[in-house]
Amino acid sequence: MSSEIIKHNPFQSMIDRFNIAADILKLDDSIRQKLQRPEKQITVNFSIVLDNGDVQNFEGYRVIHNTALGPSKGGIRYDTAVNLDEVKALAAWMTWKSAVTGIPFGGAKGGIICDPRKHSKAELEKITRAYTKALADIFGPEKDVPAPDMGTGPDEMGWLMDEFSIVHGRPIHAVVTGKHLHSGGSLGRVEATGRGVSIISLLALQKLKNQTCKSYCGYSRFWKCRTAFGFIFI
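What counts as what
Residues numbered from 1 in each chain as written. Predicted model: local features only at pLDDT ≥ 70, side-chain atom pairs only at ≥ 80, totals over all residues. Heavy atoms only, no water. Helix = DSSP H or I, 4+ residues; strand = E, 2+ residues; numbered from the N terminus. Buried < 20%, exposed > 50% of the residue type's maximum accessible area, 1.4 Å probe, protein only. Contact = heavy atoms within 4.5 Å. Areas by Shrake-Rupley, 256 points an atom, 1.4 Å probe, with all protein chains shown as cover. Salt bridge = Lys/Arg side-chain N within 4 Å of Asp/Glu carboxyl O. Axes fitted to C-alpha atoms, helices over the stretch in contact; angles between N-to-C directions. Parallel < 35°, antiparallel > 145°, perpendicular 65-115°, else oblique. Left-handed = near helix turned anticlockwise from the far one by under 90°. Nonpolar A, V, L, I, M, F, W, Y, C, P; charged D, E, K, R; others polar. Pairing = 2+ DSSP bridges. Phe/Tyr/Trp six-rings, centres within 6.5 Å; stacked < 30°, edge-to-face > 60°.

## Notes on the overall build of the protein chain
At step 1: Looking only at helices and strands, the protein chain features 6 helices and 7 strands.
At step 2: Sequence-ordered secondary structure for the protein chain, helices as α and strands as β, is α-α-β-β-β-α-β-α-β-α-α-β-β.
At step 3: Burial statistics for the protein chain: of 234 residues in total, 46% are counted as buried.
At step 4: Taking contacts inside the protein chain between residues at least 6 apart in sequence as the whole, the part at least 24 apart equals 67%.
At step 5: Roughly 13,000 Å² of accessible area belongs to the protein chain as shown, and the carbon and sulfur atoms make up 57% of that amount.

The structure is reproduced here in structure tokens:
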């Protein structure tokens, strides 16, 4: 396990917060226990040939937390600190996010332990295709729909879609979101996270009824924002 992993267990952190909400809702114990555990958690190991001819092994994960409302949905991240507990926690948060916003999807998350900055585009394509092939029976428009996350973007989603289509013998564009526009992606997808931060920040300030006196424009790469957004400060 990477030394970069935060000391506090992210899955336990999710459970602690979930139990607070479950207590407030007086949630039935059987439902509480079901929602505390993912439906599926898959670990895959695969190797690729690097540009220099060496063979490197990678470990990846896909966790499907819950599919009660529909196919599971959630991003795939590439980072050295990726670990199973983190992916389990993020999959659960995707379940809550879909549920509270009324979106007919369940929650999932995935990741590969790697540093995308240290790999060429060709190597990243090989990593993505190998991961996709290992999970070809898990992904699917009616089953589990991946998306970009930290360290991934439209290129990785395009490779995933293409490899999944090859495995199944026909084009299946709906297997992923966050694709390039020419592959069926959605306008505004890249800016969506940053736009959401801006909207929530402004709504929070309105809720607090504070007066704004200055603003600045920042640039965030964290959580795949990758967009300029304005913050209003007190």
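Having seen the model, we can carry on.
## Some words on the pattern of salt bridges
Side chains that differ in sign of charge can pair as their charged atoms come close.
At step 1: Throughout the structure, instances matching the rule amount to 12 salt bridges.
At step 2: With a shortest N-O distance of 3.8 Å, Lys88 and Asp85 are connected by a salt bridge. Highlighted residues: Lys88 and Asp85, both in helix H3 (residues 84–100), separated by 3 residues, approximately one helical turn.
At step 3: Judged by its relative accessible area of 13%, Lys88 falls in the buried class.
At step 4: Given a relative accessible area of 23%, Asp85 falls into the partly exposed group.
At step 5: Connected through shared salt-bridge partners, Glu125, Arg129, Lys133, Asp162 and Glu163 make up one network.

## Points about the environment of Gly60
At step 1: By the element assignment, Gly60 lies in strand S2 (residues 55–66).
At step 2: On the basis of relative accessibility, which here comes to 0%, the residue Gly60 falls in the buried class.
At step 3: It is 5.8 Å that separates the C-alpha atoms of Gly60 and Thr43, two residues lying 17 residues apart in sequence.
At step 4: In contact with Gly60, not counting residues within four places along its chain, are Ile42, Thr43, Val44, Gly111, Ile112 and Tyr131.

## Some details on the packing of helix H4 (residues 121–134) against helix H5 (residues 154–168)
If you want to describe how two helices pack, look at the angle between their axes and the distance between the axes.
At step 1: Two elements in contact, H4 and H5, have axes separated by 9 Å at closest approach and are oriented at 45°. Here H4 lies oblique to H5, going by the angle between them. In the packing of H4 onto H5, the handedness of the crossing is right-handed. Across the interface between the two elements, Lys121, Leu124, Glu125, Thr128, Arg129, Thr132 and Lys133 of H4 pack against Asp155, Glu156, Trp159, Leu160, Asp162, Glu163, Phe164 and Ile166 of H5.
At step 2: Here the contact of H4 with H5 is built from residues that sort into 5 nonpolar, 2 polar and 8 charged.

## Concerning unusual backbone geometry
At step 1: One non-glycine residue, Lys26, lies in the positive phi region at around 55°.
At step 2: Tracing the backbone shows Lys26 in the loop between helix H1 (10–25) and helix H2 (29–35).

## Quick look at the sheet that holds strand S3 (residues 72–79)
Through backbone hydrogen bonds, the strands of a sheet pair up, either in parallel or in antiparallel fashion.
At step 1: Within the open sheet, the 5 strands sit side by side as S1-S2-S4-S3-S5. Their pairing is mixed. Looking along the sheet, the strands with just one partner apiece sit at the ends: strand S1 (40–49) and strand S5 (144–148). Pairs of neighbouring strands in the sheet enclose a mean axial angle of 25°, with direction left out of account.
At step 2: Of the strands in this sheet, S1, S2, S3 and strand S4 (106–113) touch H3, which is tilted by about 150° from S4.

## A word on the packing of aromatic side chains
At step 1: Here the structure, examined in full by the defined rule, presents 3 aromatic pairs.
At step 2: Look at Phe46 and Phe58: their rings are 6.0 Å apart centre to centre, the planes differ by 25°, and that puts the pair in the stacked class. Taken together, the residues Phe46 in strand S1 and Phe58 in strand S2 connect sequence positions 12 residues apart. Per residue, the accessibility class of Phe46 equals that of Phe58, and both read buried.
At step 3: For the pair Tyr131 and Phe139, a centre-to-centre distance of 6.2 Å together with 50° between the ring planes defines the contact as tilted.

This is a description of form; function is not addressed.
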